[in-house]
Amino acid sequence: MIRIVLHGIVLAASAAVPLASAAPRACDPTAAQLAVTVTPDPRGPTAPRMGDRLAFRWMVVNHGASAATGMIVWLTLLRVDTGHEQAVDLEDWSTDKAVLVDNLASNNIIRRTWTLRLISSGTYRVLVGVATPDVPVPTVAASEAFTVAPKLVVESIRVLPVALGIPFTLGILLAFRLVRGHAGTGTEDAD
Amino acid sequence: MSPSAAIARYEGGEILASPRGLAWLLAAAAVLSSFALLLIGSTELGLLDNAQVVCGMAGLAVALGAVIAAVMGVDAMAGERERGALLPLLATAAPRRSILLGKLGGQALAWAAMVALAAPYLWAVGSTGQNLGMALLGLVLFGTPVVLAAGAGAMALGALLHSARAALVASLITLLLAASPLLLGPSLRQSALGRGFDAVNPFSGAINALDAMIVDGESLLSQGWKLTFAVAWLMVAYAAALGSLQPRAGRDLAT
Amino acid sequence: MALPLLIEGLRVRRGFRTVLHDVRLRVAAGEVCGLLGPNGAGKTTTIAAALGLLVPETGHVRLFGEDPLDASDGMRARVGLVPERDGLTDWMTAADYLQYWAVLQGRPIGPEGVTALLSEVGLDASPDLLTARCSQGMRRRLAVARALVAGPELLILDEPTNGLDPRGRRRLLGLLHRLARQRGVGVLLCTHLLGDVERVCDRIAVLAAGRTVAEGPLQDLLGRGGNRYRLRLGGSVPKMALCVDSAPVRLLHQTQGEALVELGANVAPETAWRALLFAGWPIQEVRREAGGLEALYLSLTGARAEPQPAVADVTPDGDLA
């Protein structure tokens, strides 16, 4: 079992399981009136690799008697491999990072789908948090962990022929051109 | 064939057929090869690293294209004047506008050669990732106005300054100034002046657009204003170059 | 019919420096006009002004009766130019280069036209030779062919025989003569080689320090050679019109302590000197200038020809010795 501390919230997560069998989990220790769930889009790849895109659907329900105003919902990506535990900078993973919901009426639901581009290999878990100005301690939901398989992004078998072949070819062309241009320079007038 | 097409073919032919032009392409290939070879053996690269490599390669191609265009632009005016080739050219029946468009066309051909040169490098480092298409699209769309603006600006400087060396130095300093936001990075954007400079600077606009499209996966449409700025700079540089070719009191165009 | 080239009272500034003060020049159809002058006299600037590449301060330039600054682009095709530096492209063949230039002039030519042009300048054996492989003389001849590509009515040549061997030089001068006589081309030949001028020019203009100091038919100018005198002066010359017995004494050139004057045909030199002394000229010595183009050129441009015997010495009190 991996224990991750994030913003003072203790999350419990089991080991990674296949994505298709992932079940939604909710974590709602403080704000009973707001509930959040996050689940991977079942149409996504079951064994994702670097470069694939994974969509995650989240849903926030307002169970309270009054409307939730100024609600912020945000995405967090955690890397959970042993020795690499960290919150991942979403900068290059997703253009969807957070959303502000002005008003969510009582017993209403808001749903969204956010997409992640899988940039690096490793095991990850997606968290979706929700908080309001009145209830600053967030409610957080976590997806099941999923593993992104590595992919070799720079193959020397491609780079070497290009990086060596092109300058070589241009060098040959240049030498040919110089020899052709200089041969016979200084030809005398032939009146 | 129109005079401008003939001049474009002539100028473009020089970059592909003359030893000097081939030497420039060889130098550009050497820079791109060095960059590509640095990646060999890096098995830990993630897609983010890969996207940044592709973006860096595309940015490098734009920078090299701009330098080559600036050198060609200075050479097209000040260099030709020093070699005695500008005087007979301006004395022909070809209108000034055709001469300028032809020379710009030659730079466009040189840029096309540069894109063709960069494409295999982009393929080599980017084809296993997911950004190759965007890289090529961004390179053509954003690189072209930036490179041609550098070339047209250099032509204006070459026509206005009496020495080819002075024009070349002025052009390269201008290019360096345009690239300074990339070197200074976020620190420049901490002031309003720096942000303003960054916003209107076509070179950093193109590089930022490439970054947004290749690394962040943003759409081309979202980069429209940067493209508009780059094209506007191209038009300003073109107007300056055209103005510099008009005879004026106290200034000799060709000798 | 308008003259191919007419320049009058041309004054040109380059930056803050006035480089041409008062240039006049005319080139008629079928005539070869030599433009002479020492280095820096303003010959190349005059050519640039003639081509509309700079804006004069005062004076006017007319190419075929039109101001070159306002003329249509097509009018420039009527002018062929051989500049001092040929400015050829090294990576093209002679034939390709001429075809390229013909397109620029708006008068494309085919392979036959190229062959005829190359033959005219004696390069017919080298159409496929890269210009980089051409000798200096061949490059000059290719530059001449380039100038002829559109069949010009005015040909302007700046030092065209530089780098040509004697045979090539003779051939080029023969070509210029033929173009003028047979095709009615006006030729402006800018050169330092006075022998070339004497051989082909009908008319000359001499520039010195940005001014035309002599302009007219070559034979007329040479014929007046015996009437030019160089005066050594002990001070400044009063500004007044000079007339001796109603025939003018022309002040051709003046430098510090010296003046070059030309006497009218019927003016006796002694009479002229007395009149000048009476007018306040501080004449100290008088030397007759030698005849011939070289002497004319040297005297007009301020340099001394080989010394001639003094024809008169003037005593401090004004008596002629």
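Just so we're clear, the structure is a prediction, and the values are computed from it rather than from any experiment.

So, how was this worked out
Residues numbered from 1 in each chain as written. Chains lettered and ligands numbered in written order. Predicted model: local features only at pLDDT ≥ 70, side-chain atom pairs only at ≥ 80, totals over all residues. Heavy atoms only, no water. Helix = DSSP H or I, 4+ residues; strand = E, 2+ residues; numbered from the N terminus. Buried < 20%, exposed > 50% of the residue type's maximum accessible area, 1.4 Å probe, protein only. Contact = heavy atoms within 4.5 Å. Areas by Shrake-Rupley, 256 points an atom, 1.4 Å probe, with all protein chains shown as cover. Disulfide = S-S within 2.5 Å. Pairing = 2+ DSSP bridges. Axes fitted to C-alpha atoms, helices over the stretch in contact; angles between N-to-C directions. Buried area = accessible area lost by both parts, 1.4 Å probe. Salt bridge = Lys/Arg side-chain N within 4 Å of Asp/Glu carboxyl O. Polar contact = N/O pair within 3.5 Å; in protein donor to acceptor, adjacent residues only side chain to side chain. Nonpolar A, V, L, I, M, F, W, Y, C, P; charged D, E, K, R; others polar. Core = buried A, V, L, I, M, F, W, Y, C linked by side-chain atoms within 4.5 Å. Phe/Tyr/Trp six-rings, centres within 6.5 Å; stacked < 30°, edge-to-face > 60°. Lys NZ or Arg CZ within 6 Å of the ring centre and 35° of its normal.

(A) Quick look at the overall build of chain A. Secondary structure summary: chain A contains 1 helix and 11 strands in total. Helices and strands appear in chain A in the N-to-C order β-β-β-β-β-β-β-β-β-β-β-α. Looking at chain A residue by residue over its 191 residues, the buried ones come to 44%. For chain A, the share of sequence-separated contacts (at least 6 apart) that also reach a separation of at least 24 residues comes to 69%. As displayed, chain A offers around 9800 Å² of accessible surface, 59% of which is attributable to carbon and sulfur atoms.

(B) Focus on the state of the cysteines. All names here are of chain C. Under the criterion given, the structure shown has 0 disulfides over all chains. Cys190 takes part in no disulfide bond, and the closest cysteine sulfur to it belongs to Cys33, at a distance of 10 Å. Residue classification places Cys190 among the buried positions, given a relative accessible area of 0%.

(C) Representation of the sheet that holds strand β8 (residues 109-117) of chain A within the structure. Residue and element names in this part refer to chain A. Taken together, the 3 strands give an open sheet; going across it, the order is β3-β4-β8, and neighbouring strands pair in antiparallel fashion. A strand with exactly one partner marks an edge of an open sheet, and here the two such strands are β3 (34-40) and β8. In this sheet, adjacent strand axes meet at a mean angle of 20 degrees when their direction is disregarded. Where strand β4 (residues 53-62) lies against β8, 9 bridges are found, and the strand directions are antiparallel. In the strand pairing of β8, Val61 is matched with Ile109.

(D) Here's a closer look at the interface of chain C and chain B. Taken together, the contacts link 29 residues of chain C with 34 residues of chain B. Both faces combined, the contact of chain C with chain B buries some 2700 Å², and carbon together with sulfur accounts for 65% of it. Here chain C and chain B share 0 salt bridges between them. Applying the counting rule to chain C against chain B returns 8 residue pairs in polar contact (both at pLDDT 80 or more). Listed by contribution, the elements that provide at least two residues to the side of chain C that touches chain B are β1 (5-14), α1 (43-50) and α2 (94-104) of chain C. If you tally residues by element for the side of chain C that touches chain B, the top one is α2 of chain C, at 4 residues. Broken down by class, the residue content of the side of chain C that touches chain B amounts to 15 nonpolar, 7 polar and 7 charged.

(E) Up close: the interface of chain B and chain A. The interface is formed by 33 residues belonging to chain B together with 29 residues belonging to chain A. Summed over both partners, the interface of chain B with chain A comes to about 2800 Å²; 69% of that surface belongs to carbon and sulfur atoms. Where chain B meets chain A, there are 0 salt bridges. Here chain B and chain A share 1 residue pair in polar contact (both at pLDDT 80 or more) between them. Those elements that place two or more of their residues in the side of chain B that touches chain A are α2 (19-37), α3 (47-83), α5 (96-126) and α9 (202-215) of chain B. Per element, the largest residue contribution to the side of chain B that touches chain A is 9 residues, and it comes from α2 of chain B. In terms of residue class, the side of chain B that touches chain A is made up of 22 nonpolar, 10 polar and 1 charged.

(F) Representation of the side chain of Lys226 of chain B within the structure. For Lys226 of chain B, the location among the structural elements is in helix α10 (residues 224-244). Look past the residues within four positions of Lys226 of chain B in its chain and what remains in contact with it is Phe142, Gly205, Asn208 and Ala209 of chain B.

(G) The environment of Ala68 of chain A, seen in detail. All names here are of chain A. Its place among the elements puts Ala68 in strand β5 (residues 68-79). Here Ala68 falls in the buried class, since its relative accessible area comes to 9%. Placed 84 residues apart in sequence, Ala68 and Leu152 show a C-alpha to C-alpha distance of 46 Å. With residues near it in sequence (within four places) discarded, Ala68 still touches Leu34, Asn62, Asp102, Asn103, Leu104 and Thr132.

(H) Up close: the pairing of strand β7 (residues 186-190) of chain C. All names here are of chain C. Counting buried positions over the 5 residues of β7 gives 5, a clear majority of the element. Of the two faces of β7, the one lined by Gly186, Leu188 and Cys190 and the one lined by Val187 and Leu189 are each fully buried. Examined bridge by bridge, strand β3 (residues 32-36) and β7 share 4 bridges and lie parallel to one another. By the bridge assignment for β7, Leu35 is matched with Cys190. Bridge count for strand β6 (residues 154-158) against β7 is 5 bridges, and the pairing is parallel. Within the sheet, the bridge partner assigned to Leu155 lies in β7 and is Val187.

(I) Structural detail: the nonpolar core. Counting 119 residues, the largest nonpolar core has Leu5, Leu51, Tyr100, Leu155 and Ile204 of chain C as its most contacted members. Ranked by residue count, the leading element in this core is α2 of chain C, at 9 residues. Counting residues in hydrophobic clusters, the runner-up holds 63 residues, among them Val162 and Leu174 of chain A together with Ala51 and Ala209 of chain B.

(J) Looking closely at the packing of aromatic side chains. If you walk through the whole model with that rule in mind, you get 10 aromatic pairs over all chains. Ring centres 6.0 Å apart and planes at 85 degrees place the aromatic pair Trp225 of chain B and Phe229 of chain B in the edge-to-face group. Here Trp225 of chain B and its partner Phe229 of chain B are both found in helix α10, 4 residues apart, which amounts to about one turn of the helix. You can call Trp225 of chain B partly exposed: its relative accessible area is 45%. Since its relative accessible area comes to 32%, Phe229 of chain B is described here as partly exposed. Members of the aromatic cluster, each reached through a chain of ring pairs, are Phe56, Trp93, Tyr124 and Phe146 of chain A. Looking at Arg78 of chain C, its charged tip hangs above the ring of Phe64 of chain C, at a distance of 3.9 Å from the centre. Positioned over the ring face of Trp101 of chain C is Arg146 of chain C, at 5.1 Å from the centre of the ring.

(K) Structural view of the pattern of salt bridges. For the structure shown, the criterion picks out 20 salt bridges over all chains. The salt bridge partner of Arg76 of chain C is Asp73 of chain C, with a shortest N-O separation of 3.0 Å. Judged by its relative accessible area of 29%, Asp73 of chain C falls in the partly exposed class. Across the pair Arg181 of chain C and Asp202 of chain C runs a salt bridge whose closest N-O atoms are separated by 2.6 Å. Residue Arg181 of chain C is located in helix α5 (residues 166-183), and its partner Asp202 of chain C is located in the loop between α6 (194-200) and β8 (203-208); the two are separated by 21 residues in the primary sequence. Given the relative accessible area of 41%, Arg181 of chain C is considered partly exposed. For Asp202 of chain C, a relative accessible area of 26% gives the class partly exposed. Here the residues in one salt-bridge network are Glu11, Arg20, Asp75, Glu80, Arg83 and Lys103 of chain B, joined through shared partners.

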